[in-house]
Amino acid sequence: NAGVTQTPKFRILKIGQSMTLQCTQDMNHNYMYWYRQDPGMGLKLIYYSVGAGITDKGEVPNGYNVSRSTTEDFPLRLELAAPSQTSVYFCASSEGSGQYFGPGTRLTVT
Amino acid sequence: GQNIDQPTEMTATEGAIVQINCTYQTSGFNGLFWYQQHAGEAPTFLSYNVLDGLEEKGRFSSFLSRSKGYSYLLLKELQMKDSASYLCAGPGPGGGNKLTFGTGTQLKVEL
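These notes cover the structure that comes with them. (Residues numbered from 1 in each chain as written. Chains lettered and ligands numbered in written order. Predicted model: local features only at pLDDT ≥ 70, side-chain atom pairs only at ≥ 80, totals over all residues. Heavy atoms only, no water.)

1. Quick word on the packing of aromatic side chains
- Enumeration according to the criterion identifies 16 aromatic pairs over all chains in this entry.
- With a centroid separation of 6.2 Å and 75 degrees between ring planes, the pair formed by A:F101 and B:F101 is classed as edge-to-face. Placement of A:F101 in strand 10 (residues 99–101) and of B:F101 in strand 10 (residues 99–101) is noted, with the two residues assigned to different chains.
- What makes A:F101 buried here is its relative accessible area of 12%. (Phe/Tyr/Trp six-rings, centres within 6.5 Å; stacked < 30°, edge-to-face > 60°. Helix = DSSP H or I, 4+ residues; strand = E, 2+ residues; numbered from the N terminus. Buried < 20%, exposed > 50% of the residue type's maximum accessible area, 1.4 Å probe, protein only.)

Encoded structure:
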């Protein structure tokens, strides 16, 4: 049981480039989330999903897109990367109480 | 929605007890979570309180008072490995399973 996995672990992007952050969970959880965490700050919710085919915006969705075609996968798409998107991105899943987090993707946009 | 407030930093001595406080708005309450996050790692779930009172899990305990919008995490017999950030989280805007996280309390355990 791998839990929540994320790829890549690290990435450097140039301004204007695009990329997809991958997230997969093998716990059959319906709920999945994407957060970003800036240094010394708490986690900010970008997007979330309550099940396959259903997604909704969180607190800071601008500049990002998501899809949820299966229960297991919840990729996060960055279009036209900007320096303000330099952050650590965490994916999480839950079913009932308690969210389980992936190891994170450290993204730098220069 | 929630405003989650917790102290930025705390320092404590190995073997001692430390209490980390968290206050939140009481509207839309649906449970209060505590997470531990070591530097460079993902948050890990510590506790979930939905009823008033103290819940104990080994060296860690969590307390909730819903009427006061107040929670604390109590760490006993502190160890060096307890040096980490402790995040308090409550229900996010719109409720459901969304969470709003505090900025975290950075705990440093010293000899």
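2. A few points about the pattern of salt bridges
Residues and elements named next belong to chain B.
- Taken as a whole and assessed by the stated rule, the structure comprises 7 salt bridges over all chains.
- Note that R66 is salt-bridged to D52, the shortest N-O span being 3.0 Å. Placement of the pair is R66 in the loop between strand 7 (60–65) and strand 8 (70–75) and D52 in the loop between strand 5 (44–49) and strand 6 (53–57), with a sequence separation of 14 residues.
- For R66, a relative accessible area of 37% puts it in the partly exposed group.
- Residue class for D52 comes out partly exposed when judged on its relative accessible area of 44%.
- K108 serves as the salt-bridge partner of E110, at 3.8 Å between the closest nitrogen and oxygen.
- When its relative accessible area of 35% is taken as the criterion, E110 is described as partly exposed.
- For K108, a relative accessible area of 49% corresponds to the partly exposed category. (Salt bridge = Lys/Arg side-chain N within 4 Å of Asp/Glu carboxyl O.)

3. Structural notes on the interface of chain B and chain A
- The interface of chain B with chain A comprises 16 residues on the first partner and 20 residues on the second.
- Taken over both partners, the interface formed by chain B and chain A buries close to 1,400 Å², and the fraction arising from carbon and sulfur atoms is 60%.
- The largest contributions to the chain B side of the interface with chain A come from B:N97, B:K98 and B:F101, which together make up 39% of the buried area.
- The tally of links between chain B and chain A comes to 0 salt bridges.
- For the pair chain B and chain A, the interface holds 3 residue pairs in polar contact (both at pLDDT 80 or more).
- It is strand 4 (residues 32–37) of chain B that provides the largest number of residues to the side of chain B that touches chain A, a total of 3 residues.
- Of the residues in the side of chain B that touches chain A, the class split is 9 nonpolar, 5 polar and 2 charged. (Contact = heavy atoms within 4.5 Å. Buried area = accessible area lost by both parts, 1.4 Å probe. Polar contact = N/O pair within 3.5 Å; in protein donor to acceptor, adjacent residues only side chain to side chain. Nonpolar A, V, L, I, M, F, W, Y, C, P; charged D, E, K, R; others polar.)

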